[in-house]
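Single-letter residue listing:
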Amino acid sequence: MTVLLDPTSERSPTTRPRLPRPKRLDGLKIGILDIAKSRGDVFLHRLGERLTERGVAVTHYAKPTNTRVAPLPLRQQIAAEVDLVIEGLSD
Amino acid sequence: MADLEARGIPTVGVATTEFIEGAAAQAKSLGIDPALVFIPHPVQDRTDDELKKLADDHLEAIVAMLVKAD
Amino acid sequence: MTEDLPRDGLVAVVKRDCPTCVMAAPVLGDLARDAGLTVYTQDDLSFPETVPERIDDTSLDVSHRLKIEIVPTLIRFAEGREVDRTYGWDRGEWQRLSGVAGLGRDLPEARPGCGAKNVEPGVIERLKVRFNETGLRSRRIEIGEDEDEQEAMFARGWSDGLPLVPPTEERVLRMLDGTARDPQEVLGLVPPALAAATVEKIAINAVMAGCKPEYLPVVLAAVEAVLEESFAMHGVLATTMFVGPVVIVNGPIRRRIGMNAKGNALGQGNRANAAIGRALQLVIRNIGEGRPQEVDRATLGNPGKLTYCFAEDEEASSWEPLSVERGLAQGQSAVTVFAGYGLQGVVDQKSRDPESLSRSFAESLKTLSNVKHAPACDALLVVCPEHHRTFRLAGWSKARLYEELYRLCEIPGSDLVAGAKGIAGGGPASLAGKTVNKFRPGGIMIVRAGGDAGMFSGIIGGWSVGGPRGSLPVTKEVRP
């Protein structure tokens with residue numbers, strides 16, 4: 001573990017903040033990323049159905065294996081194609 | 001998740017309650033504050049209908065993590 | 001281990017890499033045997049052979065706690081407290097402290113010791129960090145083992161786009177050794193956040209920029225200069241125009257820290273030039289929260305906003321250095337900051353006389369910003385040595401050149417009228433028949449820099465309209 005000294009005026013917390021969220025889902029595209037743990041697909045597909053019913057555009061993606069992070073091309077593809085992501089199902 | 005947020009895509013992770021401590025530890029070591037929704041453990045042995053119900057029950061919580069809370 | 005320190009008794013701290021300690025080894029053996037002396041060794045566990053139960057202090061914990069500065073040091077404890085100590089070899093003193101007579105009969109009366117290992121440069125900082133005695137007040141950021149240091153710093157927004165030197169406590173402590181100033185001294189409030197720039201915070205950014213400790217006084221002077229109200233740092237940062245602070249260094253400090261005033265002085269490759277300018281920009285970014293597309297609205301900006309710092313070539317110049325021109329004493333190290341951008345080249349390989357060369361400069365100067373703008377921004381003219389030579393041989397002082405340039409920069413009003421030259425902008429028709437100077441009085445500054453070969457001078461453009469409504473250049477002394 002490395003300890004660094006803060007070069008800033010320290011007005012913000014040390015944890016990186018989450019990205020700002022949009023006000024509504026209207027017109028936005030949601031990506032659902034299955035991290036390939038068992039039974040997650042059923043859960044995630046149901047989420048996708050319900051969101052589609054609401055009129056939200058949904059695209060499903062899947063990691064090839066749950067043992068490693070999603071490959072770079074997949075991450076780049078997701079970032080290029082959707083506005084928001086639901087990732088699951090970790091246990 | 002951190003990678004997608006770093007690429008400008010707000011992300012919410014869904015995990016079982018088994019993952020709560022692990023998620024906290026990972027977040028601390030990476031200095032991030034990920035948006036997470038937890039569903040009751042276990043999931044492996046659940047039927048399809050049970051899983052679909054879990055999805056229905058948690059949909060609002062998940063959506064709430066993707067839109068701005070007012 | 002400090003548990004081994006006797007409540008009552010004698011302690012010695014030694015190292016093998018010290019001829020006096022080696023010489024005194026037999027005495028250490030005698031005292032260990034006869035007077036219960038406890039010996040701590042700083043470097044080599046096999047030393048001294050004369051003391052079978054010497055204790056390992058290679059971690060230097062005990063030496064640090066006992067504030068050892070010289071080895072050998074001999075200390076007497078009574079009732080758990082130190083009551084006396086001596087250092088180096090001195091028969092009289094050692095006999096007095098130990099109460100044992102006839103020590104070191106074969107040895108000289110006295111002999112000085114050596115510097116203790118725990119106060120060697122680099123070591124003392126590590127110990128201060130370990131013992132939490134740094135006196136540093138900044139928040140500590142822990143980077144987890146999962147995280148790459150570089151990525152962690154980028155992710156936190158600390159970078160100007162290039163990799164940073166991780167500001168560990170040790171590096172910052174060493175950086176602070178570069179100044180005599182108190183780390184908690186506040187130099188001013190950095191816009192736009194108006195957050196306090198302490199010496200410590202500046203040092204952290206100086207570490208990240210790649211500065212050596214000896215550069216810190218120059219960085220401090222540059223920060224002081226841009227925080228002067230007349231420099232208008234907030235405006236300089238927030239503008240849609242091109243400028244950023246340009247730092248010109250004068251005086252003996254240039255050579256002491258190895259700055260470049262010669263070939264490629266405005267380019268890459270010199271650590272001091274590059275790191276000092278960069279440190280200033282990181283201070284504005286990290287302490288002041290001035291960042292592009294946030295408060296910094298520059299449309300294009302310019303590459304100098306990464307770093308723009310160089311030394312004036314004072315040696316062999318017949319002109320006074322910029323700092324002297326601006327009122328400081330000859331031989332006083334100083335920085336001047338100028339809100340500027342880019343570099344407009346003036347190529348003149350033909351002029352044989354100062355009049356012709358002055359015209360080359362003036363014609364280029366008059367195009368700054370827009371040919372229709374007058375008065376326009378300030379300008380910093382960087383005269384290369386070969387061009388300076390032309391003026392020197394003709395006996396032209398700096399003042400003479402200024403006079404010539406201002407005269408040549410008078411522009412006929414008819415050229416400046418709206419629509420003139422087919423350019424929409426400009427002044428009212430009533431300007432025709434008058435002349436307007438391209439520059440306000442004092443709007444041009446001249447420095448000499450560059451390699452000895454090449455007839456290529458340069459113009460660094462300024463901001464908006466020069467003068468008190470914009471940014472004024474500021475000169476500050478470099479203090480230790």
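Residues numbered from 1 in each chain as written. Chains lettered and ligands numbered in written order. Predicted model: local features only at pLDDT ≥ 70, side-chain atom pairs only at ≥ 80, totals over all residues.

Asks: Just to check I follow, could you spell out the overall build of chain B for this structure?
Replies: A tally of helices and strands in chain B yields 3 helices and 2 strands. Listed N to C, the secondary structure of chain B is α-β-α-β-α in terms of helices and strands. Structurally, chain B occupies a C-alpha span of about 35 × 30 × 20 Å along its principal axes. Per-residue burial for chain B yields a buried fraction of 34% across its 70 residues. (Helix = DSSP H or I, 4+ residues; strand = E, 2+ residues; numbered from the N terminus. Buried ≥ 20, exposed ≤ 12 C-beta atoms within 10 Å, placed from the backbone.)

Asks: How should I be thinking about the overall build of chain C in this particular structure?
Replies: The helix and strand tally for chain C stands at 15 helices and 21 strands. Expected size for 480 residues packed as a compact globule is a radius of gyration near 23 Å; at 31 Å, chain C overshoots this value by more than 25%. If you line up chain C on its principal axes, its C-alpha atoms span 105 × 50 × 30 Å. Per-residue burial over chain C gives 46% buried out of 480 residues. Relative to all contacts within chain C whose residues are 6 or more apart in sequence, the contacts with residues 24 or more apart total 74%. (Rg over C-alpha atoms; globule rule 2.2 N^0.38 Å. Contact = placed C-beta atoms within 7 Å.)

Asks: Even after reading the chapter, I still don't get the sheet that holds strand 3 (residues 57-62) of chain A, so can you show me in this structure?
Replies: What links the strands of a sheet is backbone hydrogen bonding, and the strands pair in either a parallel or an antiparallel sense. Taken together, the 5 strands give an open sheet; going across it, the order is 3(A)-2(A)-4(A)-1(B)-2(B), and neighbouring strands pair in parallel fashion. This sheet does not close on itself; its edge strands, each paired only once, are strand 3 of chain A together with strand 2 (35-39) of chain B. The average angle at which neighbouring strand axes cross in this sheet is 20°, direction not considered. The pairing of strand 4 (residues 84-90) of chain A with strand 1 (residues 11-16) of chain B spans 5 bridges and is parallel. Counted as the bridge partner of S90 of chain A is A15 of chain B from strand 1 of chain B. (Pairing = 2+ DSSP bridges. Axes fitted to C-alpha atoms, helices over the stretch in contact; angles between N-to-C directions.)

Asks: Is there a simple way to think about the pairing of strand 20 (residues 456-461) of chain C in this case?
Replies: On a regular strand, each side chain points to the face opposite its neighbour's, so the side chains alternate between the two faces of the sheet. Residues and elements named next belong to chain C. Two strands pair when backbone bridges link them, and strand 15 (residues 334-347) and strand 20 are joined in this way by 5 bridges, in the antiparallel orientation. When the bridges of strand 20 are listed, G345 appears paired with G458. Taken together, the 4 bridges between strand 16 (residues 379-383) and strand 20 define a ladder with antiparallel strand orientation. Bridged to V382 within strand 20 is G458.

Asks: Sorry if this is basic, but what is going on with the sheet that holds strand 3 (residues 55-56) of chain C here?
Replies: Residue and element names in this part refer to chain C. If you trace the 5 strands from one edge of the open sheet to the other, you get 3-2-1-5-6, paired in mixed fashion. What marks the edges here is a single partner per strand, and that holds for strand 3 and strand 6 (81-87). Across 4 bridges, strand 1 (residues 9-14) lies against strand 2 (residues 38-41) in parallel orientation. Along strand 2, the bridge assignment pairs V13 with Y40. Relative to the sheet, helix 1 (residues 19-35) contacts strand 1 and strand 2, its axis offset from that of strand 1 by approximately 155°. Helix 3 (residues 91-98) rests against strand 1, strand 5 (73-78) and strand 6 of the sheet, and its axis sits at about 160° to strand 6.

Asks: Is there a simple way to explain the nonpolar core in this structure?
Replies: When a protein is soluble and globular, its nonpolar side chains tend to lie buried together. In terms of nonpolar packing, the biggest core is built from 108 residues, with A206, C211, V219, A222, V247, I276 and V335 of chain C touching the most fellow members. Top contributing element to this core by residue count: helix 8 (residues 216-227) of chain C, with 10 residues. The residues touching V335 of chain C, leaving out its near neighbours within four places in the chain, are V218, A221, A222, A225, V247, I248, V249, K476 and V478 of chain C. In this structure, I30, I32 and V85 of chain A together with L54 of chain B belong to the second largest nonpolar core, which totals 31 residues. (Core = buried A, V, L, I, M, F, W, Y, C linked by C-beta atoms within 7 Å.)

Asks: What am I meant to see in the interface of chain A and chain B here?
Replies: In many analyses, interface size is given as the accessible surface area lost on bringing the parts together. Listed by partner, the interface residues are 32 residues for chain A and 36 residues for chain B. Secondary-structure elements contributing two or more residues to the side of chain A that touches chain B are helix 1 (40-53), helix 2 (72-81) and strand 4 of chain A. A per-element tally of the side of chain A that touches chain B places strand 4 of chain A first, with 7 residues. Its residues assigned to classes, the side of chain A that touches chain B shows 15 nonpolar, 5 polar and 12 charged. (Nonpolar A, V, L, I, M, F, W, Y, C, P; charged D, E, K, R; others polar.)

Asks: Quick question: what am I supposed to make of the confidence of the model for chain C here?
Replies: A low pLDDT score tells you not to read the predicted coordinates there in detail. Predicted confidence across chain C gives a mean pLDDT of 95, with 99% of residues reaching 70 or more. Taken together, the chains of this predicted complex give a pTM of 0.79 and an interface ipTM of 0.92. (pLDDT = per-residue confidence, 0-100.)

Asks: How should the pairing of strand 11 (residues 186-190) of chain C be read in this particular structure?
Replies: All names here are of chain C. Pairing of strand 11 with strand 12 (residues 195-198), which is carried by 4 bridges, proceeds in the antiparallel orientation. Each bridged residue has a counterpart across the sheet, and for L189 the counterpart in strand 12 is A196. Here strand 11 folds back onto strand 12, and the loop between the two strands holds 4 residues, one of which, L194, carries a positive phi near 55°.

Asks: How do you make sense of the packing of helix 4 (residues 123-130) of chain C against helix 6 (residues 169-176) of chain C when you look at a structure like this?
Replies: Residues and elements named next belong to chain C. Orientation of helix 4 relative to helix 6, taken along the N-to-C sense of each, is 125°, at an axis distance of 9 Å. Regarding the angle of helix 4 to helix 6, the classification is oblique. Seen from above, helix 4 lies across helix 6 with right-handed handedness. Contacts between helix 4 and helix 6 pair E125, R126, K128 and V129 from the former with E169, E170, L173 and R174 from the latter. (Parallel < 35°, antiparallel > 145°, perpendicular 65-115°, else oblique. Left-handed = near helix turned anticlockwise from the far one by under 90°.)

Asks: Can you walk me through the environment of S9 of chain A in this structure?
Replies: The topology assignment puts S9 of chain A in the loop between strand 1 (2-5) and strand 2 (29-34). Under the C-beta neighbour-count criterion, S9 of chain A is labelled partly exposed, with 18 such atoms within 10 Å.

Asks: Can you walk me through the environment of V249 of chain C in this structure?
Replies: All names here are of chain C. If you trace the backbone, V249 turns up in strand 13 (residues 244-250). For V249 and V337, which are 88 residues apart along the polypeptide, the C-alpha to C-alpha distance reads 8.9 Å. When sequence neighbours within four positions are dropped, the list of residues in contact with V249 reads V218, R254, M259, C309, A311, E312 and V335.

Asks: Which parts of the structure should I look at to understand helix 1 of chain A?
Replies: Residues lying three or four places apart along an α-helix face the same way, a consequence of the helix completing one turn every 3.6 residues. Residue and element names in this part refer to chain A. A rise of 1.5 Å per residue sets the reference length of helix 1, with its 14 residues, at 20 Å; its end C-alpha atoms lie 20 Å apart and thus fit the reference within 8%. Those residues of helix 1 not exposed but buried are G40, F43, L44 and L47. Across the axial projection of helix 1, the buried residues extend over an arc of 90°, all falling on one side. Within helix 1, the exposed residues directed more than 90 degrees away from the buried face are T52 and E53. (Expected span 1.5 Å × (residues − 1). Arc of directions from axis to C-beta.)

Asks: What is the right way to look at unusual backbone geometry in this model?
Replies: Note on backbone geometry: most residues besides glycine have negative phi, and most peptide bonds are trans. Going from G88 of chain A to L89 of chain A, the amide bond is cis rather than trans, its omega being 10°. Examined against the element boundaries, L89 of chain A turns out to sit in strand 4. In this chain, A374 of chain C is followed by P375 of chain C through a cis amide linkage whose omega measures -10°. Note that P375 of chain C resides in the loop between helix 13 (354-365) and strand 16. Unusually for a residue other than glycine, E10 of chain A sits at a positive phi of about 65°. By secondary structure assignment, the location of E10 of chain A is in the loop between strand 1 and strand 2. Even without glycine at this site, N264 of chain C takes up a positive phi of about 65°. Within the element layout of this structure, N264 of chain C appears in the loop between helix 10 (253-256) and helix 11 (271-286).

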